[in-house]
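Commentary on secondary and tertiary structure
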Amino acid sequence: MKAFFKALVLVPVALLVVLFSVANRAPVRVSLDPISRDAPAFALDLPLFAVILAAIAVGIVIGGFASWLAQGKHRKAARVNRREADKLRNEAQSLRAAVPDSALPALTSRV
C-alpha cells in the first residue's frame, strides 16, 4: 500500500520534470565572472532545465545539511537518554538476578 502511494506521488512529479526538461532545452550561458559580461573568463552553455534542476538539487542538499545541523542537540539528547536507559536496564537485571526466586512473591505481596 505504501508503494502505491509513493508511486501515486512520484509518477506525476517525474512526468512534470520530464515535460519541463523537454520544454526548456534552449541553452543559456552560465557565467561565474561578475566583472566581464561580454567575454567572461569562465562560462558554460547549458540547457535551461539543467541549470534549474541543479539549483533545486543544491538547495535540497543545503537545506538538508542545515536541518541536520539544527537537529544535533536532539540527537545528542537521544544518545544520552539511550545510554541512561541501558544503564538502568542493566542495573534492574542485576538486581533481579541478585534476588532469589523464592523471595519474589513475598516482595510483590507487600506492595
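Here, residues in each chain are numbered from 1, in the same order as that chain's written sequence. Under the rules for a predicted model, residues below a pLDDT of 70 receive no local features and side-chain atom pairs below 80 are neither given nor counted, while totals for whole chains, interfaces and linings still include all residues. For side-chain calculations, the full set of non-hydrogen atoms in the structure is used, while hydrogens and water are omitted.

Points about the overall build of the chain
Secondary structure elements are taken from DSSP: a helix is a run of H or I of four residues or more, a strand is a run of E of two residues or more, and numbering for both begins at the N terminus. On a plain count of helices and strands, the chain comes out with four helices and two strands. Reading the chain from its N end, one meets helices and strands in the order α-β-β-α-α-α. Put simply, the radius of gyration uses C-alpha atoms, and a globule should come to 2.2 Å times the residue count raised to 0.38. Relative to the 2.2 N^0.38 estimate, which gives 13 Å for 111 residues, the radius of gyration of the chain is 30 Å and therefore markedly larger than a compact globule would have. Dimensions of the chain, computed from the C-alpha atoms along their principal axes, are close to 90 × 40 × 20 Å. The burial tally for the chain puts 2% of its 111 residues in the buried class. Relative accessible area decides the class of each residue, using a 1.4 Å probe on protein chains only: under 20% of the type maximum gives buried, over 50% gives exposed, and in between gives partly exposed.

Quick word on the pattern of salt bridges
Take a side-chain nitrogen of Lys or Arg and a carboxyl oxygen of Asp or Glu: if they are within 4 Å of each other, that pair is a salt bridge. The final tally for this structure, using the stated rule, is two salt bridges. Salt-bridge contacts for Arg29 lead to Asp45; the nearest nitrogen and oxygen are separated by 3.4 Å. A residue pair is termed long-range when its members are at least 10 positions apart, and Arg29 in strand E1 (residues 27–31) and Asp45 in strand E2 (residues 43–47) qualify at 16 residues. The same class applies to Arg29 and to Asp45, which are both exposed. A salt bridge links Arg89 to Asp86; its shortest N-O distance comes to 2.8 Å. Here Arg89 pairs with Asp86, and both are found in helix H3 (residues 72–98), just three residues apart, close to one helical turn.

Regarding the packing of helix H2 (residues 48–70) against H3
In a packed pair of helices, the relevant descriptors are the angle between the two axes and the axis-to-axis distance. All axes are obtained by fitting lines to C-alpha atoms, using only the stretch in contact for helices, and the reported angles, taken between N-to-C directions, cover 0 to 180 degrees. Running from N to C, H2 and H3 point in directions that differ by 45°, and their axes come no closer than 4 Å. Viewed along their axes, H2 and H3 adopt a mutual orientation that is oblique. For the pair H2 and H3, contact is made by Trp68, Leu69 and Ala70 and by Gly72, Lys73, His74 and Arg75, respectively. Its residues assigned to classes, the contact of H2 with H3 shows three nonpolar, two polar and two charged. The cut-offs work like this: below 35 degrees is roughly parallel, past 145 is roughly antiparallel, 65 to 115 is roughly perpendicular, and the gaps in between are oblique. Two residues qualify as a contact provided that any one of their heavy atoms is within 4.5 Å of a heavy atom in the partner residue. Amino acids are sorted into nonpolar (Ala, Val, Leu, Ile, Met, Phe, Trp, Tyr, Cys and Pro), charged (Asp, Glu, Lys and Arg) and polar (every other residue, Gly among them).

Details of the environment of Ala41
For Ala41, the position within the fold is in the loop between E1 and E2. On the accessibility criterion, Ala41 (75% relative accessible area) is exposed. Taking the C-alpha atoms as reference points, Ala41 and Ile60, 19 residues apart in sequence, are found 29 Å from one another.

As for a positive patch on the surface
Candidate patch residues must exceed 30% relative accessible area and have no salt bridge, after which like charges are joined if within 9 Å and Val, Leu, Ile, Met, Phe, Trp or Tyr side chains if within 5 Å. Values of accessible area rely on a 1.4 Å probe in the Shrake-Rupley scheme; residue burial ignores everything except the protein chains shown. Positive charges come from Lys and Arg, negative ones from Asp and Glu, while His and the chain ends are left out of the count. Where a charge sits is defined by one atom per residue type, namely NZ (Lys), CZ (Arg), CG (Asp) or CD (Glu). There is a patch of like positive charges on the surface, built from Arg75, Lys76, Arg79, Arg82 and Arg83. Inspection of the secondary structure assignment puts Lys76 in helix H3.

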